[in-house]
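What follows is the residue order along each chain.
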Amino acid sequence: MPRPAETPIGLELANAARVVGRAFDDRLAAAGGSRPTWLVLLALKQGRTRNQRELAAAIGIQGATLTHHLNAMENDGLVVRRRDPDNRRVHILEMTEAGEAAFLRLAVVAGQHDARLRAGFSPDDLAQLRDLLARLRANVESGADAVALPAAAEV
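Residues numbered from 1 in each chain as written. Predicted model: local features only at pLDDT ≥ 70, side-chain atom pairs only at ≥ 80, totals over all residues. Heavy atoms only, no water.

1. Concerning the overall build of the protein
- Secondary structure summary: the protein contains 6 helices and 2 strands in total.
- Taking 15 Å as the expected radius of gyration for a compact globule of 155 residues, we find that the protein reaches 20 Å, considerably beyond that expectation.
- Structurally, the protein occupies a C-alpha span of about 65 × 35 × 30 Å along its principal axes.
- The buried share among the 155 residues of the protein stands at 25%.
- For the protein, long-range pairs separated by at least 24 residues make up 49% of all intrachain contacts whose partners lie at least 6 apart in sequence.
- On the protein, roughly 10,800 Å² of surface is accessible, and the fraction owed to carbon and sulfur atoms is 55%.
- For the protein, the centre of its 20 positive side-chain charges and the centre of its 19 negative side-chain charges are spaced 5 Å apart. (Helix = DSSP H or I, 4+ residues; strand = E, 2+ residues; numbered from the N terminus. Rg over C-alpha atoms; globule rule 2.2 N^0.38 Å. Buried < 20%, exposed > 50% of the residue type's maximum accessible area, 1.4 Å probe, protein only. Contact = heavy atoms within 4.5 Å. Areas by Shrake-Rupley, 256 points an atom, 1.4 Å probe, with all protein chains shown as cover. Lys, Arg positive; Asp, Glu negative; His and termini not counted. Charge placed at Lys NZ, Arg CZ, Asp CG, Glu CD.)

The structure is reproduced here in structure tokens:
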């Protein structure tokens, strides 16, 4: 079987995502945070959600895992949870003053990381990158695996 002419695009993307993600996680940790903490605080600050179930869906963290992170954040005084008076099964989340301070600290780190990623790219480059990433997502979400692949002997 001949060697592939080039690295598959999915592998290139996964490797880049891993490097970028680790760098972001390291910067957040140096500022006393974590990616889950940042995601929760950002979602709360943006007002996208207030209850735990919506928050899990908005940030892509499963319910039990989110509960673990929220327990730690509540113990650290970053958020408070209270029962929704209209539905006692639902927890409403609110950011505390300490959570606001953590948000501001992590927002600086996130902004610096984003600026680092944008270095050397023009606005047109970034627009093209966003378009290409959207097309990759669409290919995966649409079930593009229906595309005919060459037989093993042709690869």
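2. Some points on helix α2 (residues 35-46)
- Between its first and last C-alpha, α2 extends 16 Å over 12 residues, near the 16 Å set by a 1.5 Å rise per residue.
- Listing the buried residues of α2 in full gives Pro36, Thr37, Trp38, Val40, Leu41, Ala43 and Leu44.
- Immediately beyond the C-terminal end of α2, within one or two residues, lies Gly47, with a positive phi of roughly 70°. (Expected span 1.5 Å × (residues − 1).)

3. A word on the pairing of strand β1 (residues 79-84)
- Of the strand pairs in this sheet, β1 and strand β2 (residues 87-95) are connected by 6 bridges, and their pairing is antiparallel. Looking at the pairing, Val79 lines up with Met95 of β2.
- Taken together, β1 and the strand that follows it, β2, pair antiparallel across an intervening segment of 2 residues. (Pairing = 2+ DSSP bridges.)

4. Some points on the environment of Thr67
- Its location among the elements puts Thr67 in helix α4 (residues 63-75).
- Linking Thr67 and Gly32, residues 35 residues apart in sequence, is a C-alpha distance of 20 Å.
- Only 3.0 Å separates the side chain of Thr67 from the side chain of Gln52, close enough to count as a polar contact. (Polar contact = N/O pair within 3.5 Å; in protein donor to acceptor, adjacent residues only side chain to side chain.)

Don't take any of this as a statement about function, it's just geometry.
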